[in-house]
Number of protein chains: 2
Amino acid sequence: MDDFIFGTLASEALRLAHVRKLRGGVTHRAARSPRDPLPGQPIQLELTVGPTQAFDRAWVFWSADGEDPESILGVARHGWATRMDPVGVEWDVLEWGYVRRFRATLPGQPAGTVVRYRLAAGAARGEETHADQGAFYAFYVADDPLPGWARQAVVYEIFVDRFFPGEGKAWLSPETPAGFYGGTLRGVTEKMDYLANLGVDVLWLTPIFPSPSHHGYDARDYFEIEPRLGTKQDLLSLLAAAHQRGLRVLLDFVPNHWSSLHATFQQALADPHSPYVGWFNFSRWPDRYETFFGVPDLPQLNLRHPAARQHLLDAATYWLEFGMDGFRLDYAVGPTPDFWADFRRATRAARPDCWTFGEVVEPSDSQLAFHGLLDGCLDFMLLEAIRQTFAFGRWDATRFISFLDRHEAFFPEDFSRPSFLENHDMNRYLWVAQGDQRRLKIAALCQFTLAGPPVIYYGTEVGLSQKRDVRQGELGLPEESRLPMSWGDEQDVGLLAFYRDLIRLRRLEPALQHGHRRSLYAGVDCLAYTRGELGDEVVTVINLSTVPNTITLDGSWKSVIFATEPGCELQVEPGKVHLDLPPLAGVVVK
Amino acid sequence: MDDFIFGTLASEALRLAHVRKLRGGVTHRAARSPRDPLPGQPIQLELTVGPTQAFDRAWVFWSADGEDPESILGVARHGWATRMDPVGVEWDVLEWGYVRRFRATLPGQPAGTVVRYRLAAGAARGEETHADQGAFYAFYVADDPLPGWARQAVVYEIFVDRFFPGEGKAWLSPETPAGFYGGTLRGVTEKMDYLANLGVDVLWLTPIFPSPSHHGYDARDYFEIEPRLGTKQDLLSLLAAAHQRGLRVLLDFVPNHWSSLHATFQQALADPHSPYVGWFNFSRWPDRYETFFGVPDLPQLNLRHPAARQHLLDAATYWLEFGMDGFRLDYAVGPTPDFWADFRRATRAARPDCWTFGEVVEPSDSQLAFHGLLDGCLDFMLLEAIRQTFAFGRWDATRFISFLDRHEAFFPEDFSRPSFLENHDMNRYLWVAQGDQRRLKIAALCQFTLAGPPVIYYGTEVGLSQKRDVRQGELGLPEESRLPMSWGDEQDVGLLAFYRDLIRLRRLEPALQHGHRRSLYAGVDCLAYTRGELGDEVVTVINLSTVPNTITLDGSWKSVIFATEPGCELQVEPGKVHLDLPPLAGVVVK
């Protein structure tokens, strides 16, 4: 069973083409230091120019007034043109030629500034090529650290149509898994005690706007609620019920595209002179326009159009003022960085402690480019590492621990990386683990003892799985991982108790939320790491093997405070302990 | 017609495998700063560790007493172990994982020291992997700049068997081009006036040691002369004739391998207990041993064996003391860097002003690794650029100029890069230029107006070409580019006069030897660059087009001091000049 996640970089050929495009072209890709500048802090930008790009000079065109910088032939027409310095030359074996590196430093800016910029390389005679196919970059200057509640969060992803139809209502029986099952906002509200008892403190609702689909990632209106799911009053009730119990609620927001049924697109189709034509990227009106992955029903928004951009920013502001606590941002690589800088400014203004994180199904370097634009990104690389190690058994413990060490060294501490084992676009974890709950429990133990705020996808905690494989390229099949939530007797109460205990463990041990992580041991089939300060650490120990294992740890560890399986024993000797672990079991020791 | 040069990196697949091996492994590849340290200067070393190399620590094991550093499980047994610091993590898309970077600084060392080192990465439990498949590195600490005569040199490569048999002797008539044509050392001596009149001041003799082949790159004895070519007395006469006329002489030296007929190898084959067995790399005595590119007749030397190494160093010293002025070093990537550090110390001790440059048929990054071990490397990248641009017309002028700018920025100024248009291992330039002398002349003009000391391969100056193609992978065919030298009526006297003038131009304009180069202009089919200081520059202008071109240059240029073709005209206007150039023509303007 293959685990497809990174579609655009799924094969060696795609990765090679990606690297060659970057190294061969005029490339910036947010190579900026710092990426998230404080007020007054100068910002260094880097650019590389590939072997066949015969350019010997480069510029940053930038503005600090919220408008696009404009330039022609190396001269700024709006904003400033800062000449970049050549700082080095590298030989590139794949491109078989020299890559030239340029650097420039922009002056520090006051708090609240959005700096927009583009980079270009050119030759003496004036010809110029913009970096990254003309991308507009931006950053928002502020001293606005990640809100504290986001660091401590345990998130629960609710696929609204599939969570709960409401007391006394049965699930609908759609003809295909892509139909409507009848989940509602009121259903979520009615399950608030279930969620509070589980121990999660942040709900992420998949899109709730009017939409023709069961998933809602194709909205018709960003200011209304899909009637199937309920009303604004229902959402207010949901928020009240949540906030009353100390839970916060995140909205799933899709700025890249919306439904072709959206009034703006319908008007754009109907009238070539409509002001809405500019909201989309028509290459030939009315039948050629940019879409999300080639789906005609999902026209891509032209967020560089001021009115379209403002519409999106207004919607985001509206829902924060409505009472939502933040956003999970769908397909965040779609909109350009300058949109995200504006988005950050607007959302922080509306709600200084909101939490925003992106869905960026790309490797770590692409995710880090969102530092300073969003609070962070869903941790897809950790997802892959956890599934490879704990579900598939393809990575041994040394590889996983080495990955963790480097992964944490790669990202700045203030970049939020919500962790997850599965979501609504891939095979469920329990499915790829062939139903082996032990593999789920050690993965969850690992997830909950790392720093990233853990996300539970609805149903994971009660053993919800699927009936057949989600396969790459087959549309419709993701629904396999979106089956209706199990309630009542269908729930695996043992697993539910495990999840409750695991969440409580994280709550009771602040070191698991905030503590520094340190790898303690990695063998072929066992691993151990600590969280917290020396002398006050908790240790996670996992046996990846399908046979029992004894692990000896130096130190004065006193007791097992959590175990995924019965039969985990700790034997104390002076200065060390022996841990007897059953197959595929893990413990937390203190 | 394909121009094969870089055999081991000739295809995309080979290059990709090369990059993946480097990025995926434990890799140093002489990433050292400075590469050629002065006495007392600290040296920084870098190491990268690929994603599946789950190592979290790294060390440099090093010595400064000329002996190998030795280590076991992260602890030095001879020399020192310096722990490397983790300094960063990079995401690698091709390897789909994190590459960890380590750094360490070694203390400065006194002049004359050879520092030898190895690097290793390991995990806490002691396992360690040496960088670059266990490579031994080294550098020689000295303040020994490139000798001045090497900067001014114009070199002439003499393939001895093919140059001149001597007065009154006819060429032999071998059955195949791989046979003996009868050139001799005495023949070279007799042509010393020809060479002096041509204007070259350095001769590079292909190997002259006893050897079964016409080329001599498979010697039987490094202390004798091949009788076919002459005697030591003949060589002394040659040296005297050369030195008397101000010419220096370089020997072609092959430390990587020698003939299987060499007495040491014969003894090693005859007796498993022979001390010479250790001089070679037998994996199974007597029939499996490492060779040069799989040729059983060319056993590779084990230069890590002290006696074998000393034998080679003694040979090099012997010939310098005999009167030779330096070495062209064949297949310099074969011996390890620690051999080259010893070689540098030995040769500099024997002859402080000797010139040593390597044949490294690898791209620039590999060539630069020889900085501090040799004075430089034959400029294979420039060769490729010149042939692509001037012979094949595949690169336009902007690409070539951009290459030049970056190529010169890549290499330190004191790294000697002898330039050439062809050599004895590839199709002759005139052959790939389909006999078009105009293409040869503009290439030579470019070669002679760049900083690298130009090398002329015997016969180029009189129109010597070949009869059929040298094709990759076909053994024996390189001989096509080694046809006997043209003498008398066979010589193209027009081309010869051109070469004499070109060499004289370089002599008369010191800016062409030492001056800073600056690109002045690059269009699709024209290019111009200056050499020398502002106000005292000479300008090279070349029309790559097959139609006439007029190029306008700003500045007060007075006259054309060299032209490759008749009909190059300069028209002066206030503050600028117009240059009318025939097709495929170039000029030097002052």
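Cut-offs applied
Residues numbered from 1 in each chain as written. Chains lettered and ligands numbered in written order. Predicted model: local features only at pLDDT ≥ 70, side-chain atom pairs only at ≥ 80, totals over all residues. Heavy atoms only, no water. Helix = DSSP H or I, 4+ residues; strand = E, 2+ residues; numbered from the N terminus. Rg over C-alpha atoms; globule rule 2.2 N^0.38 Å. Buried < 20%, exposed > 50% of the residue type's maximum accessible area, 1.4 Å probe, protein only. Contact = heavy atoms within 4.5 Å. Areas by Shrake-Rupley, 256 points an atom, 1.4 Å probe, with all protein chains shown as cover. Lys, Arg positive; Asp, Glu negative; His and termini not counted. Charge placed at Lys NZ, Arg CZ, Asp CG, Glu CD. Pairing = 2+ DSSP bridges. Axes fitted to C-alpha atoms, helices over the stretch in contact; angles between N-to-C directions. Least-squares fit on C-alpha atoms with pLDDT ≥ 70 in both. Polar contact = N/O pair within 3.5 Å; in protein donor to acceptor, adjacent residues only side chain to side chain. Expected span 1.5 Å × (residues − 1). Arc of directions from axis to C-beta. Phe/Tyr/Trp six-rings, centres within 6.5 Å; stacked < 30°, edge-to-face > 60°. Buried area = accessible area lost by both parts, 1.4 Å probe. Salt bridge = Lys/Arg side-chain N within 4 Å of Asp/Glu carboxyl O. Nonpolar A, V, L, I, M, F, W, Y, C, P; charged D, E, K, R; others polar. Domains from an automatic or database assignment. Parallel < 35°, antiparallel > 145°, perpendicular 65-115°, else oblique. pLDDT = per-residue confidence, 0-100.

Counting secondary structure elements, chain A contains 15 helices and 32 strands. What you see for chain A is a C-alpha radius of gyration of 25 Å, in line with the 25 Å of a compact globule of 590 residues. A total of 590 residues make up chain A; the buried ones form 62% of that total. Across chain A, every contact between residues at least 6 apart in sequence was considered, and the portion connecting residues at least 24 apart equals 68%. As displayed, chain A offers around 21,700 Å² of accessible surface, 51% of which is attributable to carbon and sulfur atoms. Separation between the mean location of the 58 positive side-chain charges and that of the 76 negative ones in chain A comes to 2 Å.

Backbone hydrogen bonds are what pair the strands of a sheet, in a parallel or an antiparallel way. Residues and elements named next belong to chain B. On the basis of which strands lie adjacent, the open sheet formed by three strands has the order 27-30-29 and antiparallel pairing. Lying at the two open borders of the sheet, with one neighbouring strand each, are strand 27 (549-554) and strand 29 (569-573). Mean inter-strand twist for the sheet, computed between neighbouring axes without regard to direction, equals 20°. In terms of strand pairing, strand 29 meets strand 30 (residues 576-581) through five bridges, oriented antiparallel. Across the sheet, Leu570 pairs through a bridge with Leu579, a residue of strand 30.

With that settled, consider unusual backbone geometry. Working note: non-glycine residues mostly have negative phi, and peptide bonds are mostly trans. Residues A:Trp285 and A:Pro286 are joined by a peptide bond in cis, for which omega reads -5°. Of note, A:Pro286 is situated in the loop between strand 16 (282-284) and strand 17 (288-289). Unusually for a residue other than glycine, B:Leu584 sits at a positive phi of about 50°. The exposure class assigned to B:Leu584 is buried, which follows from its relative accessible area of 0%.

For the rest of this paragraph, the subject is the relation of the copies chain B and chain A. Under the fitted operation, chain B is carried onto chain A by 0.0 Å of movement along the axis and a turn of 180°, and the coordinates agree to an RMSD of 0.0 Å. This pairing of chains is accounted for by a two-fold axis. Measuring from the rotation axis to each C-alpha of chain B, the shortest distance belongs to B:Leu16, at 4.3 Å. Interface residue correspondence from chain B to chain A reaches 100%, placing this contact among same-surface, isologous pairings.

So, on to the environment of A:Arg35. All names here are of chain A. Relative to the helices and strands, Arg35 is located in the loop between strand 2 (32-33) and strand 3 (43-49). The sequence separation of Arg35 and Leu45 amounts to 10 residues, and the corresponding C-alpha distance is 9.3 Å. Setting aside chain neighbours within four positions, we find Arg35 in contact with Ala30, Phe139, Leu368, Ala369, His371 and Gly372. Of note is the side chain of Arg35, whose polar atom sits 2.6 Å from the backbone oxygen of Ala30.

A few words on helix 5 (residues 232-244) of chain B. Residues and elements named next belong to chain B. With 13 residues, helix 5 extends 18 Å from end C-alpha to end C-alpha; this agrees with the ideal 18 Å at 1.5 Å per step. Turning to helix 5, its buried residues number three or more, namely Asp234, Leu235, Leu238, Leu239, Ala241 and Ala242. Angular distribution of buried residues about the axis of helix 5 spans 165°; they occupy a single face of the element. Along helix 5, exposed side chains directed more than 90 degrees from the buried face belong to Gln233 and Gln244. Buried residues along helix 5 sit in contact with helix 3 (185-190), helix 4 (192-198), strand 13 (202-205), strand 14 (248-253) and helix 7 (306-322). With its phi angle positive at about 80°, Gly246 sits one or two positions after the end of helix 5.

Looking now at the packing of aromatic side chains. Residue and element names in this part refer to chain A. In total, this model carries 101 aromatic pairs over all chains according to the counting rule given. On the basis of an interplanar angle of 40° and a centroid distance of 5.6 Å, the ring pair of Phe209 and Trp319 is categorised as tilted. Here the residue Phe209 occupies a position in the loop between strand 14 (202-205) and helix 5 (232-244), and Trp319 occupies one in helix 7 (residues 306-322), the gap between them amounting to 110 residues. We classify Trp319 as buried; its relative accessible area is 0%.

Further remarks concern the interface of chain B and chain A. A common measure of how large an interface is: the accessible area buried when the components associate. At the interface, 43 residues of chain B touch 43 residues of chain A. In total, chain B and chain A occlude about 3,600 Å² of area from one another, counting both sides; carbon and sulfur atoms represent 63% of this. For the chain B face of the interface with chain A, the top three residues by lost area are B:Trp96, B:Tyr98 and B:Arg406, together amounting to 25%. At the surface where chain B touches chain A, the tally comes to two salt bridges. Among the ionic pairs, A:Arg20 bridges to B:Glu12, the shortest N-O distance being 2.5 Å. Counting across the interface, chain B meets chain A through 18 residue pairs in polar contact (both at pLDDT 80 or more). Elements with a minimum of two residues in the side of chain B that touches chain A: helix 1 (12-24), strand 7 (80-92), strand 8 (97-106), helix 9 (364-368), helix 10 (380-391), helix 11 (397-410) and strand 24 (517-522) of chain B. Within the side of chain B that touches chain A, the residues separate by chemical class into 23 nonpolar, nine polar and 11 charged.

The subject of this paragraph is the domain arrangement of chain A. Residues and elements named next belong to chain A. What the domain assignment lists for chain A is domain 1 (12-140), domain 2 (153-257 + 306-514), domain 3 (258-300) and domain 4 (517-589). Placing the centre of domain 1 and that of domain 2 at their C-alpha centroids yields a distance of 34 Å. Between domain 1 and domain 2, the contact holds 14 residues from the first and 16 residues from the second. Interface area for domain 1 against domain 2, summed over the two sides, is near 1,300 Å², with a carbon-plus-sulfur share of 53%. When residues of domain 1 are sorted by the area they lose upon contact with domain 2, Arg35, Asp36 and Tyr140 head the list and together hold 39% of the total. One can count three salt bridges joining domain 1 with domain 2. Taken together, the links from domain 1 to domain 2 amount to four residue pairs in polar contact (both at pLDDT 80 or more). When residues of the side of domain 1 that touches domain 2 are traced back to their parent elements, those giving at least two are strand 10 (114-122) and strand 12 (137-140).

For the rest of this paragraph, the subject is the packing of helix 5 of chain B against helix 7 of chain B. Residues and elements named next belong to chain B. Close contact between helix 5 and helix 7 brings their axes to 11 Å; oriented N to C, the two are set at 55°. As summarised for this structure, helix 5 and helix 7 are arranged oblique, according to the angle between their axes. Here helix 5 contributes Lys232, Leu235, Leu236 and Leu239 to the contact with helix 7, which in turn contributes Tyr318, Trp319 and Phe322. Classifying every residue of the contact of helix 5 with helix 7 gives six nonpolar, no polar and one charged.

Here the focus is the confidence of the model for chain A. Mean pLDDT over chain A stands at 95; residues scoring 70 or higher make up 98%. Among the prediction metrics, the complex's ipTM stands at 0.94, with pTM recorded as 0.94.

Let us look at the side chain of B:His578. All names here are of chain B. Locating His578 in the fold gives a position in strand 30. Its relative accessible area of 17% is what places His578 among the buried residues. One polar contact links His578 to Thr552, side chain to side chain, over a distance of 2.8 Å. A polar contact of 2.8 Å, which involves the side chain of His578, links it to the side chain of Glu573.

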